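# Structural overview
Single-letter residue listing:
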Amino acid sequence: EAKVGQLESKEREVEYVSNVHPLVQQALPVAAKAAAVQQDLVGSSIGRGDVIKASFLVFLTGRPAFFLGPFGVNKTGTVQQLVDRIEGAVLYDALMSNIVSPEQLLVDSTSIEEEPTPSGGKLIRTRDTLGRAAAAHCVFADELFKGDKRVIDAAIDLAKGDGVRHEGTMVKTPLRAFIAASNELPDEGESGAVWSRMTIRVLVQPLDRAGKKALFAARRKRDRNAASAPLTITLAELDLLRKARPYVDVPDSIEELVLDLLESLRDESGQDFSWLWSDDRRVGRIIDVLQAAALLAGRATVTKADLAVCEWLLWDTPEQLPVVKAKLAPLCRTPLLDAEELVNSLLAPGGKVALVLGGDLKEATKAVAQATVAKDELAKLRAAATATDYPAFDALTAQVQQALTDVLSKTIGRQVTVS
């Protein structure tokens, strides 16, 4: 039976690969590179994994994101660090309350030109050179709703991604990602149209005690390794992912699950989600974000696991988030999610593996047993998974294999290889 299961698994994998669009096949290795950059950033930006993943989703979809959180939770710093990892990308970030006019947002310089008239006089005209936000690949508009209305309107025009209107014509811009942030939402009825355009919405909370302790360690590691070259990805590679994203397959079953979820929220009595069902623009963009999430996870097809990003798409006020999470939880349960939780538990700080690698060799036997069981359980979960999740399972298995190798090497006192 085990051999039959392996053969069937292999057949599903071959069929999966043959059905993948060529552009997606080309993009999948780049997606693995993007995942590595994300993981590296998560290690230095403690507790800001959601901000990092959401920002990558913006680059792949072109849909704006909004980060809601108090001052001091590193919203701006995380975006700056991310853009620093994108070779060739230009970031424009500004406090919108300090921008007093659309020209200050979009115009880099203004020149005065003189032109003689037939009557012998002179015609004086000014000519603007666009720059600033209009020349950036990523715009970070901090404290968005505290800006002048004209400035906010100009920023939203820019966020559409099809250029900005200047001197009577549409001027194309290089913008790939528009990201906004604030410590508050707009008043009811105020800037409602702007808020509705913020497709991806992430609530950013201060770190808890454990997070703050991890922050201390991350800062020490960052300062000590300042000279080492960080992992990067190029703007052209992100553009390839963006080009491939529309070709990620979305099964009918996923679309039906999304519609079931929307109807369930609409009929929810505890909160008012009627706005969500009525917002066809937002509903349509859900699929875009799901495709991007699948591609960044190394998959050519959207699966139930990708529905987790709907947490960032389906709320209008923070009070609605618990309801959204409760509705999503049973929908997202997959063998891959079980596998990720298994590996996270194995490698958790304070776990047997971490204790041994930290020098507590008396826990070695238990650590080896735990890693071995995890490896066997991963194989069972992979057999129950869809072929689209195989690359993710392979990566998780490699992590467990490396943990087992490291524990044995630490215990024996020399490098060993585990097959």
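Residue positions within a chain follow its written sequence, with the count starting from 1. Given that the model is predicted, a residue must reach a pLDDT of at least 70 before its local features are reported, and side-chain atom pairs must reach 80 or more before they are shown or counted; all residues, however, enter totals for whole chains, interfaces and linings. The side-chain numbers reported here are obtained from all heavy atoms of the structure, hydrogens and water having been left aside.

In this section: the packing of helix α16 (residues 364–384) against helix α17 (residues 390–412). The geometry of α16 relative to α17 is characterised by a closest axis approach of 10 Å and an angle of 165° between their N-to-C directions. One finds that α16 runs roughly antiparallel with respect to α17. In this structure, the crossing between α16 and α17 has a hand that is left-handed. Residues Ala364, Ala367, Val368, Ala371, Thr372, Ala374, Lys375, Leu378, Leu381 and Arg382 of α16 touch α17, and the partners they reach there are Tyr390, Phe393, Asp394, Leu396, Thr397, Val400, Gln401, Leu404, Val407, Leu408 and Thr411. Of the residues assigned to the contact of α16 with α17, the class counts are 14 nonpolar, 4 polar and 3 charged. Only C-alpha atoms enter the line fits that serve as axes; for helices the fit covers just the stretch in contact. Angles between N-to-C directions range over 0 to 180 degrees. What counts as a helix is a DSSP run of H or I of at least four residues, what counts as a strand is a run of E of at least two, and both are numbered from the N terminus. Any angle between 65 and 115 degrees counts as roughly perpendicular, while under 35 counts as roughly parallel, over 145 as roughly antiparallel, and the rest as oblique. In this scheme the handedness of a crossing depends on how the near helix is turned from the far one: anticlockwise by less than a right angle means left-handed, clockwise means right-handed. Contacts are residue-level and defined by heavy atoms, with any inter-residue pair within 4.5 Å sufficient. All amino acids are sorted into three groups, where Ala, Val, Leu, Ile, Met, Phe, Trp, Tyr, Cys and Pro are nonpolar, Asp, Glu, Lys and Arg are charged, and the leftover types, Gly among them, are polar.

Right, let's talk about the sheet that holds strand β1 (residues 65–68) for a bit. Two strands form a pair only when DSSP identifies at least two bridges running between them. In space, the 5 strands of this open sheet follow the order β3-β6-β9-β1-β10, with parallel pairing throughout. This sheet does not close on itself; its edge strands, each paired only once, are β3 (91–95) and β10 (200–203). Looking at each pair of strands side by side, their axes are set apart by 15° on average, direction ignored. Where β3 meets strand β6 (residues 138–142), 5 bridges bridge the pair, whose relative direction is parallel. Bridging across to β6, Leu95 finds its partner in Asp142. Against the sheet, helix α4 (residues 75–84) makes contact with β1, β3, β6 and β9 (177–182), and its axis sits at roughly 175° relative to β6, the strand it touches most.

The working definition used for a salt bridge is a side-chain nitrogen of Lys or Arg within 4 Å of a carboxyl oxygen of Asp or Glu. On inspection of all chains with the given rule, the structure shows 20 salt bridges. Between Asp288 and Arg63 there is a salt bridge, with the nearest N and O atoms lying 2.9 Å from each other. Linking Asp288 in helix α12 (residues 280–296) with Arg63 in the loop between α3 (49–61) and β1, this pair joins segments that are 225 residues apart in sequence. For each residue, the accessible area found with a 1.4 Å probe, counting protein chains only, is set against the maximum for its type, and the residue is called buried under 20%, exposed over 50%, and partly exposed in between. The exposure class assigned to Asp288 is buried, which follows from its relative accessible area of 12%. For Arg63, a relative accessible area of 23% puts it in the partly exposed group. The salt bridge partner of Asp360 is Lys362, with a shortest N-O separation of 2.9 Å.

Looking now at the packing of helix α10 (residues 252–266) against α12. Contact pair α10 / α12: the axes reach a minimum separation of 11 Å and the direction vectors enclose 135°. By the angle between their axes, α10 is oblique relative to α12. Here the hand of the crossing between α10 and α12 comes out right-handed. Note on element contacts: α12 touches α10 through Val283, Ile286, Ile287 and Leu290, opposite Ile254, Glu255, Val258 and Leu262. Residues that form the contact of α10 with α12 fall into these classes: 7 nonpolar, no polar and 1 charged.

Our focus in this paragraph is the state of the cysteines. Formally, a disulfide is one covalent bond, and it connects the sulfur atom of one cysteine to the sulfur atom of another. Any cysteine sulfur atom paired with another within 2.5 Å is treated as part of a disulfide. Scanning the model with the defined rule gives 0 disulfides in all. The cysteine Cys310 is free of any disulfide, with Cys332 supplying the nearest cysteine sulfur at 7.3 Å. Assessed through its relative accessible area of 8%, Cys332 is described here as buried.

In this section: the nonpolar core. To define a nonpolar core, start from buried Ala, Val, Leu, Ile, Met, Phe, Trp, Tyr and Cys residues and group those joined through side-chain atoms within 4.5 Å. Counting 72 residues, the largest nonpolar core has Phe67, Ile200, Leu241 and Leu314 as its most contacted members. Once residues lying within four places of it in the same chain are set aside, the contact partners of Ile200 are Ala54, Leu57, Val58, Arg63, Pro64, Ala65, Phe66, Val289, Trp312 and Leu313. If you look at the next biggest cluster of nonpolar residues, it comprises 31 residues, including Tyr92, Ala94, Leu106 and Leu175.

Another aspect to go through is helix α14 (residues 335–346). Here the expected length of a helix is defined as 1.5 Å per residue gap, with one fewer gap than residues. With 12 residues, α14 ought to run about 16 Å at 1.5 Å a step, and its terminal C-alpha atoms sit 17 Å apart, in line with that. Turning to α14, its buried residues number three or more, namely Leu336, Ala339, Val343 and Leu346. Projected down its long axis, α14 shows its buried positions confined to an angular sector of 85°, all on one face. Summarising the contacts, the buried residues of α14 are in contact with α15 (352–357), α16 and α17. Summarising the geometry, the arc corresponds to the directions from the helix axis toward the C-beta atoms.

Structurally, Gln320 can be placed in the loop between α12 and α13 (321–328). Residue classification places Gln320 among the buried positions, given a relative accessible area of 4%. Ignoring any residue separated from it by four or fewer positions in sequence, one finds Gln320 in contact with Gln271, Asp272, Phe273, Trp275 and Trp315.

A surface patch of negative charge is lined by Asp249, Asp252, Glu255, Glu256, Asp260 and Glu263. In this structure, Asp260 sits in helix α10. Like-charged residues within 9 Å of one another, or nonpolar side chains (Val, Leu, Ile, Met, Phe, Trp, Tyr) within 5 Å, are grouped into patches, provided each residue has over 30% relative accessible area and no salt bridge. Residue exposure ignores everything except the shown protein chains as possible cover, and the areas themselves are Shrake-Rupley values with a 1.4 Å probe. Charged residues are defined here as Lys and Arg on the positive side and Asp and Glu on the negative side; His and the ends of the chain fall outside this count. All charge positions are set by atom: Lys at NZ, Arg at CZ, Asp at CG, Glu at CD.

Note that Thr334 resides in the loop between α13 and α14. A residue is classified by how much of its surface remains accessible, and Thr334, at 8% relative accessible area, is buried. When neighbours within four sequence positions are excluded, Thr334 is seen to be in contact with Lys304 and Ala305.

Right, let's get into α12. Side chains three or four residues apart in an α-helix point the same way, a direct result of the helix having 3.6 residues per turn. The terminal C-alpha atoms of α12 lie 25 Å apart, and with 17 residues this matches the ideal 24 Å at 1.5 Å per residue to within 8%. Buried residues dominate α12, accounting for 13 of its 17 residues. In the segment just after α12, Gly298 is the residue with positive phi, at about 85°.

Note that every value here comes from positions in space, so none of it alone points to a role or purpose.
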